[in-house]
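Here is what each chain is made of, one letter per residue.
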Amino acid sequence: MGGQVTRALRNFNVESRARREISKKKPRPAPRHATSRLDELADTPEIKEEIYRKDNRLLTLLKEVYVESRDPAVRVKDGGGENLPCKQEEKRLTKLGHLGDLDVKKVSKGKISIVEALTLLNNHKLHPHVWTAEKIAAEYSLELKDVNSLLEFFIPFAMQEFPKETRKAIKPT
């Protein structure tokens, strides 16, 4: 219903409003900036002649200029080779992976992939007497202190349930 009213008001007296707008005097355009006038002046023959004319005084000054350049001696710092890149890191093949092409194929020694980390944590949780920190370190080429930290602080499979009496009950209002 509202659409019909607005359409009727919009179309009311359209032709006379259009004629009134068309018959108005057009506004005079703003004056051009001075830089646009310079472009028009550049086409004049006097300015073109000035551009292409040689100035002999400037040419003689330019010929007198002589530049002599010498590179400073390069000094090599002997840092003992600490900044030199070491040989390429040793890589090892990963143990598991069921994602096929998306799996990581090679991992640097001293590092593990996510799949390997979750697997070794699960194995340690299920069989801690078999999968000790020493065995995990040897199996995955890791340092023992890193494996101990991993087993101590990274516990992704722990689920804790809180007793009902410590929970706050939401009272219906």
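To keep things clear, this report deals only with the structure shown in the data block.

### Concerning the overall build of the protein chain
Point 1. When helices and strands are counted, the protein chain shows eight helices and two strands.
Point 2. Overall, the protein chain shows an N-to-C arrangement of helices and strands of α-α-α-α-α-β-β-α-α-α.
Point 3. Each of the 173 residues in the protein chain was classed as buried or not, and the buried ones make up 11%.
Point 4. Taking all contacts inside the protein chain whose residues are at least 6 apart in sequence as the whole, residues at least 24 apart take part in 37%.
Point 5. When the accessible surface of the protein chain is totalled, it reaches about 17,000 Å², and 57% of it is carbon and sulfur.

### Quick notes on a nonpolar patch on the surface
Point 1. Taken together, the side chains of Ile 47, Ile 51 and Tyr 52 present a nonpolar region at the surface, about 360 Å² in accessible area.
Point 2. Positionally, Ile 51 belongs in helix 4 (residues 45–52).

### A closer look at the pattern of salt bridges
Point 1. Evaluated as defined, the whole model comprises four salt bridges.
Point 2. Of the charged contacts in the structure, one is a salt bridge between Glu 68 and Arg 70, with a shortest N-O distance of 2.7 Å. Of the two residues, Glu 68 and Arg 70, neither departs from the other in class, the shared state being exposed.
Point 3. The closest approach of N and O atoms between Lys 145 and Asp 146, which form a salt bridge, is 3.5 Å.
Point 4. Among the residues examined, Lys 145 registers a relative accessible area of 55% and is labelled exposed.

### Focus: the packing of aromatic side chains
Point 1. Considering all chains together, one arrives at zero aromatic pairs under this definition.
Point 2. The positively charged end of Lys 135 is found above the aromatic ring belonging to Trp 131, 4.4 Å away from the centroid.

### Topic: the packing of helix 7 (residues 133–140) against helix 8 (residues 144–153)
Point 1. Following both chains from N to C, one finds helix 7 and helix 8 inclined at 120°, their axes separated by 9 Å at the closest point. As summarised for this structure, helix 7 and helix 8 are arranged oblique, according to the angle between their axes. Between helix 7 and helix 8 lies a crossing whose hand is right-handed. Counting all contacts with helix 7, which are made through Ala 133, Glu 134, Ile 136 and Ala 137, the residues of helix 8 involved are Leu 144, Val 147, Asn 148 and Leu 151.

### A closer look at the nonpolar core
Point 1. With 10 residues, the main nonpolar core is built from Leu 120, Leu 121, Trp 131, Ala 133, Ile 136, Ala 137, Tyr 140, Leu 142, Val 147 and Leu 151.
Point 2. The set of elements that each furnish at least two residues to this core consists of helix 6 (114–126), helix 7 and helix 8.
Point 3. Per-element tally for this core: the top contributor is helix 7, with four residues.
Point 4. Aside from chain neighbours lying at most four places away, what touches Ile 136 is Leu 120, His 124, Trp 131, Val 147 and Leu 151.

### Here we look at unusual backbone geometry
Point 1. You will see that Asn 13, though not glycine, has its phi angle at about 60°, which is positive.
Point 2. Note on placement: Asn 13 falls in the loop between helix 1 (2–11) and helix 2 (14–23).
Point 3. A relative accessible area of 40% means that Asn 13 is categorised as partly exposed.
Point 4. Notably, Ser 141 is not glycine yet its phi reads approximately 55°, a positive angle.

Calculation criteria
All residue numbers refer to position in the chain's written sequence, counted from 1. Confidence filtering applies because this is a predicted model: local features only for residues at pLDDT of at least 70, side-chain atom pairs given and counted only at 80 or more, and all residues used for totals across whole chains, interfaces and linings. With hydrogens and water excluded, all non-hydrogen atoms of the structure serve as input to the side-chain values. Think of it this way: any DSSP run of H or I at least four residues long counts as a helix, any run of E at least two long counts as a strand, and we number them from the N terminus. For the exposure calls, accessible area comes from a 1.4 Å probe over protein chains only, and a residue counts as buried if that area is under 20% of its type's maximum, exposed if over 50%, partly exposed in between. Note on definitions: a residue-residue contact is assigned when non-hydrogen atoms from the two residues lie within 4.5 Å. Computed with the Shrake-Rupley method and a 1.4 Å probe, the accessible areas treat only the protein chains shown as cover for residues. The residues that make up patches have over 30% relative accessible area and no salt bridge, and they are joined within 9 Å when like-charged or within 5 Å when they are Val, Leu, Ile, Met, Phe, Trp or Tyr. By convention in these notes, a salt bridge is any Lys or Arg side-chain nitrogen within 4 Å of a carboxyl oxygen on Asp or Glu. By convention, a stacked pair of Phe, Tyr or Trp rings (six-membered ring in the case of Trp) has centres within 6.5 Å and planes under 30 degrees apart, an edge-to-face pair has planes over 60 apart, and any other such pair is tilted. By the criterion adopted, a ring carries a charge over it if an Arg CZ or a Lys NZ lies within 6 Å of its centre and within 35 degrees of its normal. Between the N-to-C directions of two axes lies an angle of 0 to 180 degrees, each axis being a line fitted to C-alpha atoms and, for a helix, fitted only over the stretch in contact. Should an angle lie under 35 degrees it is considered roughly parallel, over 145 roughly antiparallel, and from 65 to 115 roughly perpendicular; all remaining angles are considered oblique. Should the near helix be turned counterclockwise from the far one by less than a right angle, the crossing is left-handed, whereas a clockwise turn marks it as right-handed. The nonpolar core is taken to be a set of buried Ala, Val, Leu, Ile, Met, Phe, Trp, Tyr and Cys residues, with the residues joined through side-chain atoms within 4.5 Å.

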